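# Architecture and fold: a report
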Amino acid sequence: NNKNFPEDRLIVVLLHEYGHILHNRNRPANAQRDRGEHEYAAFKYSVEEAYRRANNDDPGPLRQVVKNLKIRAENGRPEDPHTLGIRKLMKDEIWEKAVAWVKDN
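Values in this document were obtained by computation on a predicted structure and should not be read as measured data.

## Considerations on helix α3 (residues 60-75)
Under the 1.5 Å per step criterion, the end-to-end length of α3 is 23 Å for 16 residues, consistent within 8% with the ideal 22 Å. Taken as a whole, α3 has its buried residues at Gly60, Pro61, Leu62, Gln64, Val65, Val66, Asn68, Leu69 and Ala73.

## Focus on the pattern of salt bridges
Taken as a whole and assessed by the stated rule, the structure comprises 5 salt bridges. For aspartate 92, the salt bridge goes to lysine 44, with nearest N and O atoms at 3.4 Å. Within this pair, whereas aspartate 92 is found in the loop between α4 (81-89) and α5 (93-104), its partner lysine 44 is found in helix α2 (residues 35-54), the two being separated by 48 residues in sequence. In this structure, the salt-bridge partner of aspartate 80 is arginine 77, at a minimum N-O distance of 3.0 Å. On the basis of relative accessibility, which here comes to 59%, the residue arginine 77 falls in the exposed class.

## Quick look at the nonpolar core
Counting 18 residues, the largest nonpolar core has Val47, Leu62, Val65, Val66, Leu69, Leu89 and Trp95 as its most contacted members. In terms of residue count, α2 provides more of this core than any other element does, 6 residues in total. With near-sequence residues (within four places) excluded, valine 66 lies in contact with Trp95, Ala98, Val99 and Val102.

## Some details on the packing of helix α1 (residues 7-26) against α3
The geometry of α1 relative to α3 is characterised by a closest axis approach of 8 Å and an angle of 75° between their N-to-C directions. On the basis of the axis angle, α1 is roughly perpendicular to α3. Residues Asp8, Arg9, Ile11 and Val12 of α1 form the contact with α3, whose participating residues are Gly60, Pro61, Gln64, Val65 and Asn68. Residues that form the contact of α1 with α3 fall into these classes: 4 nonpolar, 3 polar and 2 charged.

Reading guide: rules and limits
- Residues numbered from 1 in each chain as written.
- Predicted model: local features only at pLDDT ≥ 70, side-chain atom pairs only at ≥ 80, totals over all residues.
- Heavy atoms only, no water.
- Helix = DSSP H or I, 4+ residues; strand = E, 2+ residues; numbered from the N terminus.
- Expected span 1.5 Å × (residues − 1).
- Buried < 20%, exposed > 50% of the residue type's maximum accessible area, 1.4 Å probe, protein only.
- Salt bridge = Lys/Arg side-chain N within 4 Å of Asp/Glu carboxyl O.
- Core = buried A, V, L, I, M, F, W, Y, C linked by side-chain atoms within 4.5 Å.
- Contact = heavy atoms within 4.5 Å.
- Axes fitted to C-alpha atoms, helices over the stretch in contact; angles between N-to-C directions.
- Parallel < 35°, antiparallel > 145°, perpendicular 65-115°, else oblique.
- Nonpolar A, V, L, I, M, F, W, Y, C, P; charged D, E, K, R; others polar.

Shown next, in the form of structure tokens:
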């Protein structure tokens, strides 16, 4: 077990990557790829799934995703697609619910 990269963080990374797959499947074939939107969709999926898991007695992934996305939002390059996606996510209702859950639990 690596304290700098705990198993719960790996789960979040896998959820994020699966979010990319789902976003690609739901995109029209002729749609232009907007990496900021693509990252937003993947981050949103990872937070939604981590939130669902937290409500089913597995809070580790949600705690990890909230902690790490806050850090990335503060330290990310402003025009990086990941930073753009995270900042958009932070305006979303699921982000507010996730942060509140972590704070209250």
